[in-house]
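Topology and contacts: notes
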Amino acid sequence: TPILRAIHWNRLETAKLIYEADNETMTAEDSSGYTAMHWAVLAVNDDEDGAEVDRLPLVQWIFDLCPQLLMSEDESGKTPIHIACEFGAKLEVVQWFFTTNSDTIDAVDEDGWTVAHFAAERDREDILEVVLQLQPSLYDAVDSEDKTPLVVAQIENKAVVLEYLENWKSAN
């Protein structure tokens, strides 16, 4: 839909114009079940010139209009926070989710993956540090195949996260 494209390309003013013309479009989903919030965190993190883009204003605008999208699930049960961790959202966006709605940290997709699993898979030590500070039990979270974030880091050969998780376990 036009609003999802505007959101994907971080065109906040364009998205606002589309929303003003038809506020029903904010709750639209694409064929994968992605909502405006999924696209807001998935979208490109830089502009045409390669400069970093601040996605947080877009995420906050969507939340102000449709707070229910914060916990919306796509066809595989992934919430926007899963997508943010899986596809490289900036730490500030991830932290905003956790402070805006503490339930986002406990979200589990249909494979049993938590934000900790996605952060481990993507070698995001910065996200894991925040996640484990807020919810230490996610260190031991197991997915549908009994894999913890540590096992995911081992399988994916994510040295930075692997070292972090091993050190975290010995310190806690």
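Anyway, here's the lowdown on the structure attached to this text. (Residues numbered from 1 in each chain as written. Predicted model: local features only at pLDDT ≥ 70, side-chain atom pairs only at ≥ 80, totals over all residues. Heavy atoms only, no water.)

This part covers helix α10 (residues 159–171). For α10, which comprises 13 residues, the first-to-last C-alpha distance of 18 Å matches the rise-based estimate of 18 Å (1.5 Å per residue) to within 8%. By the burial criterion, the buried members of α10 are V161, L162, Y164, L165 and W168. Here the buried residues of α10 occupy an arc of 165° about the axis, which is enough to place them on one side. Exposed residues on α10 whose side chains face more than 90 degrees from its buried face are A159, E163, S170 and A171. Looking at the buried side of α10, the elements it contacts are α7 (115–121), α8 (125–134) and α9 (149–155). (Helix = DSSP H or I, 4+ residues; strand = E, 2+ residues; numbered from the N terminus. Expected span 1.5 Å × (residues − 1). Buried < 20%, exposed > 50% of the residue type's maximum accessible area, 1.4 Å probe, protein only. Arc of directions from axis to C-beta. Contact = heavy atoms within 4.5 Å.)

The next point concerns a negative patch on the surface. Among the surface-exposed residues, E125, E129, E163 and E166 lie close enough to one another that they form a single negatively charged patch. Looking at the negative patch, the elements that each hand over two or more residues are α8 and α10. In this structure, E163 sits in helix α10. Given the relative accessible area of 51%, E163 is considered exposed. (Patch = residues over 30% accessible without salt bridge, like charges linked within 9 Å, V, L, I, M, F, W, Y side chains within 5 Å. Areas by Shrake-Rupley, 256 points an atom, 1.4 Å probe, with all protein chains shown as cover. Salt bridge = Lys/Arg side-chain N within 4 Å of Asp/Glu carboxyl O. Lys, Arg positive; Asp, Glu negative; His and termini not counted. Charge placed at Lys NZ, Arg CZ, Asp CG, Glu CD.)

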